[in-house]
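# A structural walkthrough
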Amino acid sequence: MNDVVCCLLGSAGFDRAAQGVLGAGRRLADSLGGKLRAIVMGPAEDALTSGAAAVADVVVVAADPALAEYNPETCLTALAELVKQAEPKAVLLGNDTYSQELAARLAHRLGGSAAGDAVEVAAEGEQLRVTRGVYGGKATAVIALARSPGVVWVRARAIEPASAEGRSPGTVENASLEVTADPRVKVVERHVEAKEGVRLEDAQIIVSGGRGLGGPEPFEELKTLADTMGAQMAASRAACDAGWVPPSWQVGQTGKKVAPELYLAVAISGASQHIMGIADAKVICAINRDADAPIFKHCRFGIVEDYQKVVGPLRERLSALK
Ligand SMILES: Cc1cc2nc3c(=O)[nH]c(=O)nc-3n(C[C@H](O)[C@H](O)[C@H](O)COP(=O)(O)OP(=O)(O)OC[C@H]3O[C@@H](n4cnc5c(N)ncnc54)[C@H](O)[C@@H]3O)c2cc1C
């Protein structure tokens, strides 16, 4: 079969990541001459089902209560069953933690191939080819997937959504599936962090601070600059590990992957693990007093200076321009 399945998590909603996964799926299905089927795991808002139906041929919603709270074992078993029913050539997922966790295990269960961090998934004859960044984004590799289905998690926010123009909406159906909650994994406690503004992953402008700020107080000053710019705040792992800011601010390999229009890195050295989180940013700017800091290799604009001499005047200038 030449069909493509996009797996979306109901709890995430119809965000930019879901749109990116569907965009990659739609283009791949069209090039294979197959259908695009979106599988929504867990109860979902109408915005997700209708948004998916706008570009997919079929939307299958697995809204069983056992899938309402993410449990990797239950979700994997249910997803594997639904994918088996669809017999697709490819299964695409996003690059959130849950999807990454599911992708490799799903490929193993289905006897398929797995690849991750894809910026493009294309068909060459019968074979799927996945393009991905390697060596911290310094080079690009094209990987041929030998087995079917190819299960790929994509850098969702870096991928163009599909246009719904000229398409009639796909059908929306409930999954025909019996789901049993897997007792091996239980959520014992849940902490919901108070959120200010948009999610970091969806932010258009991000101001991020590093260890060079020297403590939690300078982050307050940086926040006033971020407010002036209408930006969300983020940080390097060093600043989060020091307890200066919440762990949820961390950007990088083991933190969030962001894709803003503008990323301003203040007193961040630019270690490869940090850069992995900002590889999809359109414009990176940095303020660092060390002209040899690696961050400058990734920057469109850079200021070599002590941040204390730059942040205040920059904020005043931007306020005046407003
Ligand atoms: C497996 C693994 C995963 C990791 N995952 C992540 C991750 O997800 N995210 C992440 O960020 N890191 C991650 N790291 C850590 C990463 O390797 C770096 O240690 C970390 O990013 C460094 O943070 P930093 O740039 O804030 O600090 P530093 O490397 O200490 O850099 C501080 C910078 O501030 C500059 N500076 C100092 N004072 C001033 C001043 N007054 N004005 C202007 N500039 C100044 C310095 O010149 C320096 O460049 C990971 C590491 C490992 C091993």
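Computed from a predicted structure; not experimentally measured.

## What about the domain arrangement of the protein chain?
Structurally, the protein chain comprises domain 1 (4-174) and domain 2 (200-321). For domain 1 and domain 2, the distance between their C-alpha centres works out to 31 Å. Of the residues lining the interface, seven residues belong to domain 1; the matching set on domain 2 comes to eight residues. Both faces combined, the contact of domain 1 with domain 2 buries some 660 Å², and carbon together with sulfur accounts for 51% of it. The tally of links between domain 1 and domain 2 comes to two salt bridges. Salt-bridge contacts for R155 lead to D280; the nearest nitrogen and oxygen are separated by 2.6 Å. Counting every contact that joins domain 1 to domain 2 gives three residue pairs in polar contact (both at pLDDT 80 or more). Here the residues of the side of domain 1 that touches domain 2 sort into one nonpolar, two polar and four charged.

## Concerning the nonpolar core
Ranked by internal contacts, the top residues of the largest apolar core, which has 33 residues, are V4, L8, V59, L92, V121, V152 and V154. Of the residues forming this core, the biggest block, eight residues, is contributed by helix 1 (residues 16-32). Once residues within four sequence positions are removed from consideration, L92 is found in contact with V4, V5, C6, C7, V21, A24, G25, V121 and V152. Listed in part, the 28 residues of the second largest apolar core include I39, A62, A103 and A107.

## Some remarks on helix 4 (residues 97-110)
The end-to-end C-alpha distance of helix 4, which contains 14 residues, comes to 20 Å, matching closely the 20 Å that a straight helix rising 1.5 Å per residue would cover. Regarding helix 4, the residues found buried are S99, L102, A103, L106, A107 and L110. The secondary structure elements touched by the buried residues of helix 4 are strand 1 (4-9), helix 3 (72-86), strand 4 (90-93), strand 5 (113-124) and strand 8 (150-154). Here helix 4 starts with a cap whose side-chain oxygen sits 3.3 Å from the backbone nitrogen of Y98, and that cap is D96.

## Observations concerning the side chain of K89
When you line up the elements, K89 lands in the loop between helix 3 and strand 4. Look past the residues within four positions of K89 in its chain and what remains in contact with it is M1, N2, D3, L32, E126, L128, S148, P149 and G150.

## A closer look at the layout of surface pockets
Of the pockets and cavities examined, the second largest pocket occupies roughly 490 Å³. Elements with a minimum of two residues in the lining of the second largest pocket: helix 6 (237-241), helix 7 (272-278), strand 13 (283-288) and helix 8 (307-321). For the lining of the second largest pocket, a count of residues per class yields eight nonpolar, 13 polar and six charged.

## Thoughts on the sheet that holds strand 3 (residues 58-62)
Pairing within the open sheet is mixed, and its nine strands lie in the order 7-6-5-8-4-1-2-3-9. A single partner strand is all that each edge strand has here, and the edge strands are strand 7 (139-145) and strand 9 (171-174). Ignoring strand direction, the axes of neighbouring strands in this sheet form an average angle of 35°. In this sheet, strand 9 lies alongside strand 3 in parallel orientation, the contact comprising four bridges. By the bridge assignment for strand 9, V58 is matched with T171. Helix 2 (residues 46-55) contacts strand 1, strand 2 (36-41), strand 3 and strand 9 of the sheet and is inclined by roughly 155° relative to strand 3. Sheet strands in contact with helix 4 are strand 1, strand 4, strand 5 and strand 8, and its direction is about 165° off that of strand 8.

So, how was this worked out
Residues numbered from 1 in each chain as written. Predicted model: local features only at pLDDT ≥ 70, side-chain atom pairs only at ≥ 80, totals over all residues. Heavy atoms only, no water. Domains from an automatic or database assignment. Contact = heavy atoms within 4.5 Å. Buried area = accessible area lost by both parts, 1.4 Å probe. Salt bridge = Lys/Arg side-chain N within 4 Å of Asp/Glu carboxyl O. Polar contact = N/O pair within 3.5 Å; in protein donor to acceptor, adjacent residues only side chain to side chain. Nonpolar A, V, L, I, M, F, W, Y, C, P; charged D, E, K, R; others polar. Core = buried A, V, L, I, M, F, W, Y, C linked by side-chain atoms within 4.5 Å. Buried < 20%, exposed > 50% of the residue type's maximum accessible area, 1.4 Å probe, protein only. Helix = DSSP H or I, 4+ residues; strand = E, 2+ residues; numbered from the N terminus. Expected span 1.5 Å × (residues − 1). 1 Å grid on protein atoms, 1.4 Å probe; cavity = no way out; pocket = protein on both sides within 12 Å on 5 of 7 lines; lining within 4 Å. Points joined across faces, edges and corners; volume = space filled by probe spheres on them. Pairing = 2+ DSSP bridges. Axes fitted to C-alpha atoms, helices over the stretch in contact; angles between N-to-C directions.

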